[in-house]
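Read off the chains here:
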Amino acid sequence: MRSRPEPVSQAVALVYDPDDGAPRVLAKGRGLLAEEIIARAQSAGVFVHESPELVSLLMQVDMDARIPPELYIAVAELLAWLYQLEQQVEPGNGG
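Note that the structure is predicted; figures quoted are calculated from it, not measured. (Residues numbered from 1 in each chain as written. Predicted model: local features only at pLDDT ≥ 70, side-chain atom pairs only at ≥ 80, totals over all residues. Heavy atoms only, no water.)

Chemist: Help me out: how do you make sense of the overall build of the protein in this one?
Modeler: Within the protein one finds three helices and two strands. Counting helices and strands in the order they occur from the N terminus, the protein gives β-β-α-α-α. Among the 95 residues that make up the protein, the fraction classed as buried is 21%. The long-range fraction of contacts in the protein, counting pairs at least 24 apart against all pairs at least 6 apart in sequence, stands at 55%. Looking at the protein as shown, the accessible area adds up to about 7,300 Å², and 54% of this sits on carbon and sulfur atoms. (Helix = DSSP H or I, 4+ residues; strand = E, 2+ residues; numbered from the N terminus. Buried < 20%, exposed > 50% of the residue type's maximum accessible area, 1.4 Å probe, protein only. Contact = heavy atoms within 4.5 Å. Areas by Shrake-Rupley, 256 points an atom, 1.4 Å probe, with all protein chains shown as cover.)

Rendered as structure tokens:
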């Protein structure tokens with residue numbers, strides 16, 4: 001018997017432009033809105049990472065605001081890891 005996956009309670013979407021200096025909160029929400037954020041990201045081919053602790057902290061950041069310096073390291077590590085994943089799956093890189 002398979003159990004139904006637990007609904008996502010919170011989601012935050014970040015956008016990064018090097019000219020901005022820091023990632024900004026593009027979208028955030030709870031419940032159905034969180035599920036819609038994730039569904040749209042997945043349908044657009046955007047990587048979705050689960051980190052309840054980081055999402056909880058990012059939910060406190062205002063929409064369109066840059067993330068606070070206290071979160072730079074956590075987000076930078078996530079972006080670096082994502083960059084490595086993308087490099088592995090690009091055509092010509094064995095992916």
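Next comes the rest of the description.
Chemist: Teacher, can you tell me more about the packing of aromatic side chains here?
Modeler: The final tally for this structure, using the stated rule, is one aromatic pair. Judged by centre distance (5.3 Å) and plane angle (70°), the ring pair of Phe-47 and Trp-81 falls under edge-to-face. In this pair, Phe-47 sits in the loop between α1 (32–43) and α2 (52–58) while Trp-81 sits in helix α3 (residues 72–89), placing the two residues 34 residues apart along the sequence. Residue Trp-81 is classed as partly exposed on the basis of its relative accessible area, which comes to 38%. (Phe/Tyr/Trp six-rings, centres within 6.5 Å; stacked < 30°, edge-to-face > 60°.)

Chemist: How do you make sense of unusual backbone geometry when you look at a structure like this?
Modeler: The phi angle of most residues is negative, glycine excepted, and most peptide bonds adopt the trans form. Even without glycine at this site, Asp-64 takes up a positive phi of about 65°. As for its placement among the helices and strands, Asp-64 is situated in the loop between α2 and α3.

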